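One letter stands for each residue in the lines below.
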Amino acid sequence: MPLIAEANASPPLLVVLSGPSGVGKDAVLSELRKLNRPWHFAVTATTRPMRPGERDGVDYIFLELDAFAKMRERDEFLECAEVYGRWYGVPRSQARDALRSGKDVFLKIDVQGAATIKWMAPEALLIFLIPPSLDELQQRLRGRMTESAPELERRLRTAGEELGLELRPRLPEWLKVQMPGSPRYIQLKELMRSQELHTVCEEAHCPNIGECWGRGTATFMILGDICTRRCHYCAVTTGRPIGIDLQEPKRLAETVKAMNLQYCVITSSPPFGSFHEYAPRAITTSRWSCWPRPRNSIRATVTKSGIIVGMGETAAEVLETMRDLRGVNCDLLTIGQYLRPSAKHIPIDRFYHPTEFEELRVAGLEMGFKHVASGPLVRSSYHADEQHDAAFVQLPIGS
Ligand SMILES: Nc1ncnc2c1ncn2[C@@H]1O[C@H](COP(=O)(O)OP(=O)(O)OP(=O)(O)O)[C@@H](O)[C@H]1O
Ligand SMILES: Nc1nc2c(ncn2[C@@H]2O[C@H](COP(=O)(O)O)[C@@H](O)[C@H]2O)c(=O)[nH]1
């Protein structure tokens, strides 16, 4: 079938224009109307008072709360929601009649409403408008002069949340982890607080915290929780360190004993040391490899490094970095997916598929690494005990 005929034969679209208040949804719709295409622009119902210049039935169907509630009871809304303390709803009949007549239908709704429509009608086309910045959004909203100061404040606060949500990409299935909350996790959290200790697990927002703490392992961060570096991918607080706590080693030792650990990772952040860097520049992490084994079981020093992927590097760069590490006799390697800690950090370039991590693991072993932990959720200390064991199994005594 020729393309145009096929396009004409396709079912009409339900188009949802969404985004924070004041971003310009009405402005876009007004431009679309000027195109004079056979589209239907839904007029939604609201309980908010009419603004100067607005017309009933054109800008909104303005209803008293009672009338709106009755329509809601009769299930006459395709979607309805309370937005900024007022009710808004899309009359079902309007959307249905227009779609039946073959017209594409445009809805202008808030972010929660758009999520509802997506759930009800996955085939709908969702368009989310994002302002160039929050400052610009503020200027647009102020310039419109339709909201009181508290209302303006409320809409801007909500906009911040909505944009934060939208900037966070949906995680693929293989990166979804359970919310931490096991009894062991809670117990460990209390222990860390009572002993005033810091962990990389918490400071770096590690996605494995629930799993690792649940099985009684943790990575301690000594000499403070402030890092002098300002790496654009790292969640650790940056600033000037505020002195050394001379009692920390004792409390740390007591905690490790109380946790009955078989294996323990201790690290510090700059200026006292470095615990990680981003790919493709990979760095070694220092590790406490002997304690609590008896002295005579100390066998060798093992070196380890980690790479975070998904920040825009190429596959060739990752492999080159791995070869460089082997070139300086690095023994153990971790490779994991970069996850953006907040909207202030650099965006994720892409998610590596688990099969790609497996390919990197195999490539690493072929290059001669003694152990390669490579997977979406792998972090520099993830299952460090297993890496340690793998390395020592392969190292002859006394090497
Ligand atoms: N691209 C733009 N650049 C500058 N100003 C804009 C732009 N788009 C819209 N505006 C202005 O910003 C203000 C808010 O736009 P608009 O009313 O269309 O937002 P909205 O997303 O429909 O808001 P709400 O959800 O609260 O109804 C208006 O004064 C509009 O003229
Ligand atoms: N969930 C829905 N949201 C709607 C609907 N109609 C409009 N809206 C949203 O409400 C806010 C506020 O609009 P305003 O005209 O008072 O500034 C705005 O973000 C609209 O997108 C609806 O039917 N459902």
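Structural data are supplied above this passage.
Let us look at the structure shown here. (Residues numbered from 1 in each chain as written. Chains lettered and ligands numbered in written order. Predicted model: local features only at pLDDT ≥ 70, side-chain atom pairs only at ≥ 80, totals over all residues. Heavy atoms only, no water.)

1. With respect to the site of ligand 2
Here is step 1 of the chain: Around ligand 2 sit 17 residues, and of these Arg 48, Tyr 60, Tyr 88, Asp 110 and Arg 155 come closest.
Here is step 2 of the chain: Interatomic distance of 3.1 Å between a side-chain N/O atom of Thr 44 and a nitrogen atom of ligand 2.
Here is step 3 of the chain: Tyr 88 is positioned such that a nitrogen or oxygen atom in its side chain is 2.5 Å from an oxygen atom of ligand 2.
Here is step 4 of the chain: When ligand 2 sits alone it has 520 Å² of accessible area, and the protein chains cover 99% of it.
Here is step 5 of the chain: Spatially, ligand 2 is embedded in the second largest pocket.
Here is step 6 of the chain: Secondary-structure elements contributing two or more residues to the shell around ligand 2 are β5 (77-83) and β6 (86-91).
Here is step 7 of the chain: Considering only residue class, the shell around ligand 2 consists of 6 nonpolar, 3 polar and 8 charged. (Near = heavy atom within 4 Å. Polar contact = N/O pair within 3.5 Å; in protein donor to acceptor, adjacent residues only side chain to side chain. Areas by Shrake-Rupley, 256 points an atom, 1.4 Å probe, with all protein chains shown as cover. 1 Å grid on protein atoms, 1.4 Å probe; cavity = no way out; pocket = protein on both sides within 12 Å on 5 of 7 lines; lining within 4 Å. Sits in = over half its atoms within 2 Å of the grid points. Helix = DSSP H or I, 4+ residues; strand = E, 2+ residues; numbered from the N terminus. Nonpolar A, V, L, I, M, F, W, Y, C, P; charged D, E, K, R; others polar.)

2. Overview of the pairing of strand β7 (residues 104-108)
The side chains of a regular strand alternate, residue by residue, between the two faces of the sheet.
Here is step 1 of the chain: Strand direction decides the pairing type here: strand β1 (residues 14-18) and β7, joined by 4 bridges, are parallel. Along β7, the bridge assignment pairs Val 16 with Leu 107.
Here is step 2 of the chain: Direction of pairing for strand β2 (residues 39-41) relative to β7: parallel, over a ladder of 3 bridges. Along β7, the bridge assignment pairs Phe 41 with Phe 106. (Pairing = 2+ DSSP bridges.)

3. Structural notes on helix α11 (residues 248-259)
Here is step 1 of the chain: The terminal C-alpha atoms of α11 lie 16 Å apart, and with 12 residues this matches the ideal 16 Å at 1.5 Å per residue to within 8%.
Here is step 2 of the chain: Among all positions in α11, only Glu 248, Arg 251, Leu 252, Thr 255, Val 256 and Met 259 are buried. For α11, the angular spread of buried residues about the axis comes to 135 degrees, placing them on one side. Exposed residues on α11 whose side chains face more than 90 degrees from its buried face are Pro 249, Lys 250, Lys 257 and Ala 258.
Here is step 3 of the chain: Looking at the buried side of α11, the elements it contacts are α8 (183-194), β10 (219-222) and β11 (265-268). (Expected span 1.5 Å × (residues − 1). Buried < 20%, exposed > 50% of the residue type's maximum accessible area, 1.4 Å probe, protein only. Arc of directions from axis to C-beta. Contact = heavy atoms within 4.5 Å.)

4. Here's the deal with the site of ligand 1
Here is step 1 of the chain: Of all residues adjacent to ligand 1, which total 13 residues, the nearest are Ser 21, Gly 22, Lys 25, Ala 27 and Lys 108.
Here is step 2 of the chain: Backbone polar atom of Val 23 to an oxygen atom of ligand 1: 3.3 Å apart, as the coordinates give it.
Here is step 3 of the chain: In isolation ligand 1 has 630 Å² of accessible area, and contact with the protein removes 66% of it.
Here is step 4 of the chain: More than half of the atoms belonging to ligand 1 lie within 2 Å of the grid points that define the second largest pocket.
Here is step 5 of the chain: Among the secondary structure elements, those contributing two or more residues to the shell around ligand 1 are α2 (25-34) and α6 (134-144).
Here is step 6 of the chain: For the shell around ligand 1, the class distribution of residues is 3 nonpolar, 3 polar and 7 charged.

5. Comments concerning the sheet that holds strand β4 (residues 61-62)
Here is step 1 of the chain: Reading across from one edge, β4-β3-β6-β5 is the order of the 4 strands in this open sheet, with mixed pairing throughout. In the strand order of this sheet, the two ends are held by β4 and β5, each with one partner.

6. Things to note about the side chain of Gln 94
Here is step 1 of the chain: In this fold, Gln 94 is placed in helix α4 (residues 92-100).
Here is step 2 of the chain: According to the relative accessible area criterion, Gln 94 is buried, its value standing at 18%.
Here is step 3 of the chain: In contact with Gln 94, other than residues within four places in its own chain, are His 40, Phe 41, Ala 42, Val 43 and Ile 61.

7. As for the pattern of salt bridges
Any two side chains of opposite charge can pair if their charged atoms end up close together.
Here is step 1 of the chain: Counted according to the given criterion, the structure contains 19 salt bridges.
Here is step 2 of the chain: We note a salt bridge from Arg 51 to Glu 54, for which the minimum N-O separation is 4.0 Å. For the pair shown, Arg 51 and Glu 54 are each scored as buried. (Salt bridge = Lys/Arg side-chain N within 4 Å of Asp/Glu carboxyl O.)

8. Re the layout of surface pockets
Over the atoms rolls a probe the size of a water molecule, and its path tells where empty space is left.
Here is step 1 of the chain: Considering only enclosed or pocket space, the second largest pocket measures out at about 810 Å³ in volume.
Here is step 2 of the chain: Residue lining of the second largest pocket: 38 residues in total, with Lys 25, Asp 26, Arg 48, Tyr 60 and Lys 108 positioned closest to the centre.
Here is step 3 of the chain: Of all elements in the fold, only α2, β5, β6, β7 and α6 reach the threshold of two or more residues within the lining of the second largest pocket.
Here is step 4 of the chain: Among the elements that make up the lining of the second largest pocket, the one with the highest residue count is α2 (6 residues).
Here is step 5 of the chain: Class assignment for the residues of the lining of the second largest pocket results in 17 nonpolar, 8 polar and 13 charged. (Points joined across faces, edges and corners; volume = space filled by probe spheres on them.)

9. Some remarks on the side chain of Asp 331
Here is step 1 of the chain: Looking at the secondary structure, you find Asp 331 in the loop between α12 (315-327) and β14 (332-337).
Here is step 2 of the chain: For Asp 331, a relative accessible area of 10% gives the class buried.
Here is step 3 of the chain: Among the polar contacts made by the side chain of Asp 331, one reaches the main-chain amide nitrogen of Thr 303 at a distance of 2.9 Å.
Here is step 4 of the chain: Residues contacting Asp 331, with those up to four places away along its chain left out, are Thr 301, Val 302, Thr 303, Arg 326, Phe 369, Lys 370 and His 371.

10. Topic: the environment of Val 28
Here is step 1 of the chain: Here Val 28 shows up in helix α2.
Here is step 2 of the chain: What Val 28 contacts, discounting residues up to four positions off in sequence, is Leu 17 and Leu 129.

By themselves, these are just geometric observations and shouldn't be taken as functional.
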